[in-house]
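Examining the three-dimensional arrangement
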Amino acid sequence: MSKMHFYLRERIDRIKTKIETELKYKKVLTRTQKIIITWLVLFLYWIILSAKFEIFSMVIGLGLSFIVSIFTYDLITKDIRSRGHIIERILNFVLLYVPELIFIYLFRLIEANVNVAKHVIFMDIKPGIVKIKTDLRSDTGVTALANLITLTPGTLTIDVKRTLEGNTLYVHWIDVKTFSSERAGDMIKGGLDKWLERIFW
Amino acid sequence: MLELLLFIAGCTVMVFGALGIIRFPDVYTRLHASTKCDTGGALSILLALTAYTGITLTSIKILTIAILIFLLNPVVSHALARTAHKSGIKPDKITVVDMYARDYP
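Residues numbered from 1 in each chain as written. Chains lettered and ligands numbered in written order. Predicted model: local features only at pLDDT ≥ 70, side-chain atom pairs only at ≥ 80, totals over all residues. Heavy atoms only, no water.

Re the interface of chain A and chain B
Stated formally: Between two residues, a contact is recorded if the distance between any of their heavy atoms is within 4.5 Å. Buried area is understood as the total, over both parts, of accessible area removed when two parts are fitted together, assessed with a 1.4 Å probe. Criterion for a salt bridge: a side-chain nitrogen of Lys or Arg within 4 Å of a carboxyl oxygen of Asp or Glu. Here a polar contact is taken to be a pair of N or O atoms separated by no more than 3.5 Å, where protein atoms must pair a possible hydrogen donor with a possible acceptor and residues adjacent in sequence count only if both atoms sit in side chains. Every helix listed is a DSSP run of H or I at least four residues long, and every strand listed is a run of E at least two residues long, numbered separately from the N terminus.
Facing the 35 residues of chain A at the interface are 37 residues of chain B. Counting each side, the surface lost to burial between chain A and chain B is near 3,500 Å², with a carbon and sulfur contribution of 73%. On the chain A side of the interface with chain B, the three residues burying the most area are A:Ile129, A:Leu151 and A:Ile158, jointly 18% of the side's total. Here chain A and chain B share one salt bridge between them. Of the charged contacts, one joins A:Asp159 and B:Arg82 as a salt bridge, the two residues approaching to 3.3 Å between their closest N and O atoms. Connecting chain A to chain B are 10 residue pairs in polar contact (both at pLDDT 80 or more). Elements represented by at least two residues in the side of chain A that touches chain B include exactly helix H2 (31–50), helix H4 (86–122), strand S1 (128–134), helix H5 (139–151), strand S2 (155–163) and strand S3 (166–173) of chain A. A total of seven residues in the side of chain A that touches chain B trace back to one element, the largest contributor, which is H4(A).

Describing the confidence of the model for chain A
Heads up, the condition is: pLDDT is a per-residue confidence score from the predictor, ranging from 0 to 100.
Mean pLDDT for chain A: 82, with 94% of residues reaching 70 or above. Here helix H1 (residues 6–25) of chain A stands out as the least confident element of chain A, with mean pLDDT 78; helix H3 (residues 55–71) of chain A is the most confident, with 90.

Some remarks on unusual backbone geometry
At A:Met123, a position not held by glycine, the phi torsion is positive, near 55°. The topology assignment puts A:Met123 in the loop between H4 and S1.

A look at the packing of H4(A) against helix H1 (residues 2–23) of chain B
Rule in force here: Helix axes use the C-alpha atoms of the stretch in contact, all axes being lines fitted to C-alpha atoms, and the angles between their N-to-C directions lie in the range 0 to 180 degrees. Orientation categories follow fixed angle ranges, with anything under 35 degrees roughly parallel, anything over 145 roughly antiparallel, 65 to 115 roughly perpendicular, and all other angles oblique. By definition, any crossing whose near helix is turned counterclockwise from its far helix by less than a right angle is left-handed, and any crossing with a clockwise turn is right-handed. Amino acids outside the nonpolar list (Ala, Val, Leu, Ile, Met, Phe, Trp, Tyr, Cys, Pro) and the charged list (Asp, Glu, Lys, Arg) are all regarded as polar, and Gly is one of them.
Across the interface, H4(A) lies against H1(B) with an axial gap of 9 Å and an inter-helix angle of 45°. The angle between H4(A) and H1(B) places the two elements in the oblique class. Where H4(A) crosses over H1(B), the handedness of that crossing is left-handed. Residues A:Asn113, A:Ala117, A:Val120 and A:Ile121 of H4(A) form the contact with H1(B), whose participating residues are B:Val13, B:Phe16, B:Leu19, B:Gly20 and B:Arg23. Looking at the contact of H4(A) with H1(B) residue by residue, the classes come out as six nonpolar, two polar and one charged.

A few points about a nonpolar patch on the surface
All names here are of chain A. Here is the rule we go by: The residues that make up patches have over 30% relative accessible area and no salt bridge, and they are joined within 9 Å when like-charged or within 5 Å when they are Val, Leu, Ile, Met, Phe, Trp or Tyr. What sets the accessible areas is the Shrake-Rupley method with a 1.4 Å probe; for residues, cover comes only from the shown protein chains.
A surface patch of nonpolar side chains, about 990 Å² in accessible area, is lined by Ile36, Leu40, Ile87, Ile90, Leu91, Phe93, Val94, Leu95, Leu96, Val98 and Ile102. Of all the elements in the fold, those that place two or more residues in the nonpolar patch are H2 and H4. At nine residues, the largest contribution of residues to the nonpolar patch is made by H4. Structurally, Leu91 is set in helix H4.

As for the packing of aromatic side chains
The relation between two aromatic rings is expressed through the spacing of the ring centres and the mutual angle of the planes. Under the convention used in this document: Aromatic pairing here means that ring centres of Phe, Tyr or Trp (its six-membered ring) are within 6.5 Å. Orientation follows from the plane angle: under 30 degrees is stacked, over 60 is edge-to-face, and everything else is tilted. Between buried and exposed lies partly exposed: a residue is buried under 20% and exposed over 50% of the maximum accessible area for its type, with that area taken using a 1.4 Å probe on protein chains only.
Throughout the structure, instances matching the rule amount to four aromatic pairs over all chains. Seen in terms of ring centroids, A:Trp39 and A:Phe66 are 4.9 Å apart; in terms of plane orientation they differ by 50°. Their pairing is tilted. Placement of the pair is A:Trp39 in helix H2 and A:Phe66 in helix H3, with a sequence separation of 27 residues. Residue A:Phe66 is classed as partly exposed on the basis of its relative accessible area, which comes to 33%. Aromatic pair A:Tyr105 and B:Phe70: ring centres 6.4 Å apart, planes at 75°, arrangement edge-to-face. With A:Tyr105 in helix H4 and B:Phe70 in helix H3 (residues 57–86), this pair bridges two chains. Relative accessible area serves as the criterion here: at 6%, A:Tyr105 is assigned to the buried category.

Written out as structure tokens, the structure is:
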């Protein structure tokens with residue numbers, strides 16, 4: 001170990017700390033918690049689609065959604081980070097996180113719509129593909145971030161590449177203000193990155 | 001009153017989006033105009049419909065359609081843009097920088 005080159009040792013140390021932080025972050029839910037979350041989501045969808053509140057239909061919905069959730073519990077809840085009790089997490093999600101996301105996202109949406117309408121009228125566009133970095137590591141988290149970026153008018157995610165330092169997103173931007181990766185990331189992501197880190201790892 | 005405001009805003013956004021599809025120069029900038037149609041226009045028109053019907057089961061179903069548009073619209077536009085770039089369609093001349101073609105030629 002002592003005769004190793006300096007740059008090699010530094011690289012090994014970096015990889016070691018990265019593995020430790022990933023193991024710390026990767027506390028997934030247990031199996032019963034996953035089944036309960038999937039069951040709730042499927043039963044809500046059953047109620048919306050059937051639109052009846054009789055006892056018979058409710059019992060059939062509970063049974064069917066439980067059977068389906070036994071087979072498919074790993075699809076939507078694979079990357080959720082577990083912290084605290086599950087009922088507390090669900091209440092936090094419904095009462096705190098979703099209104100905060102709507103509040104953050106609504107103003108960005110209105111501002112971006114006005115900006116793109118202005119670009120349509122005056123044609124003062126300056127398009128380009130820039131790359132931004134993100135700290136999210138799981139598949140579901142990166143997918144949610146890329147979808148939210150694409151949904152904002154004016155930015156469009158083209159590709160996602162995974163490297164050792166994290167994930168890199170290539171974004172087509174209709175009005176390029178800066179070429180630097182960090183400042184472009186701050187402008188494009190806003191508060192969405194911090195919001196997603198509380199749920200996914 | 002609220003539903004009238006939302007409806008007029010949605011129709012205005014739709015008109016600007018359709019104008020942008022004609023006026024913008026290449027594929028990628030035209031995709032911006034079409035995503036703006038869906039998120040700004042269709043979502044506010046559907047919200048105007050829910051505000052018009054009040055809180056019933058019909059309005060909850062309309063909100064379900066809005067959530068499905070919210071999930072499906074970015075996936076489709078991302079797939080179109082990535083396929084266009086992979087199959088060799090160059091961006092227009094006024095493009096400032098293209099880091100994706102520089103990193104993965």
